[in-house]
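Below are the chains, spelled out letter by letter.
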Amino acid sequence: MKIKTNESTDLRPEGSRIMDAPMVAINIPDFIAQLKGEVVWETSDRNAITVFKTQGMCILLVAMHKGAVMTEHTTDSVISLQLIEGEVNLGTEKKANLLKQGDIVALHEGIVHSVEALQESVFLLTLGAPLEKKVWEWF
């Protein structure tokens with residue numbers, strides 16, 4: 001398997017990091033510190049970084065300020081959201097779901113949902129590739 005890295009960007013010019021390899025170690029506290037130390041965190045209601053990306057799955061770390069909202073949307077794949085810090089309200093068509101630190105929720109594709117940070121919050125968002133697409137084509 002070929003090791004894949006990301007490209008540096010204007011927002012993250014410090015260089016590449018491993019995105020896909022036979023094993024990828026992800027240091028969540030270091031990534032949280034990075035997210036909260038970036039200009040985007042100071043100028044926006046949230047910041048996120050992709051910490052793993054392969055053909056069938058993508059894992060993002062998302063930090064949201066208190067009151068930040070991801071408006072209603074759907075995905076073409078199964079997702080999971082694991083709350084690392086804080087408290088969020090995950091709204092679905094059926095009901096509001098209060099998530100606290102350590103909680104995890106999974107949603108099938110096509111479920112309308114939203115996320116509201118009730119406190120400053122950090123979560124891991126895992127996305128599976130849509131059945132008819134490769135994850136590289138999806139993002």
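Placed above this text is the structure.
Calculation criteria
- Residues numbered from 1 in each chain as written.
- Predicted model: local features only at pLDDT ≥ 70, side-chain atom pairs only at ≥ 80, totals over all residues.
- Heavy atoms only, no water.
- Buried < 20%, exposed > 50% of the residue type's maximum accessible area, 1.4 Å probe, protein only.
- Helix = DSSP H or I, 4+ residues; strand = E, 2+ residues; numbered from the N terminus.
- Pairing = 2+ DSSP bridges.
- Axes fitted to C-alpha atoms, helices over the stretch in contact; angles between N-to-C directions.
- Contact = heavy atoms within 4.5 Å.

Quick look at the pairing of strand 3 (residues 46-53) now. Summarising burial for strand 3: 6 of the 8 residues are buried, a large majority. As paired elements, strand 3 and strand 4 (residues 57-64) share 7 bridges and run antiparallel to each other. Bridging across to strand 4, Arg46 finds its partner in Met64. The antiparallel hairpin formed by strand 3 and strand 4 contains 3 residues in its connecting segment.

All right, on to the sheet that holds strand 4 then. The 5 strands are arranged 3-4-11-6-9 in an open sheet whose pairing can be described as antiparallel. Because the sheet does not close on itself, it has two edges, and the strands there are strand 3 and strand 9 (104-107). The average angle at which neighbouring strand axes cross in this sheet is 20°, direction not considered. Two strands pair when backbone bridges link them, and strand 6 (residues 79-85) and strand 9 are joined in this way by 4 bridges, in the antiparallel orientation. Among the inter-strand pairings, Gln82 is bridged to a residue of strand 9, identified as Ile104. Strands strand 3, strand 4, strand 6 and strand 11 (121-128) of the sheet are contacted by helix 1 (residues 28-37), whose axis makes an angle of about 145° with strand 3.

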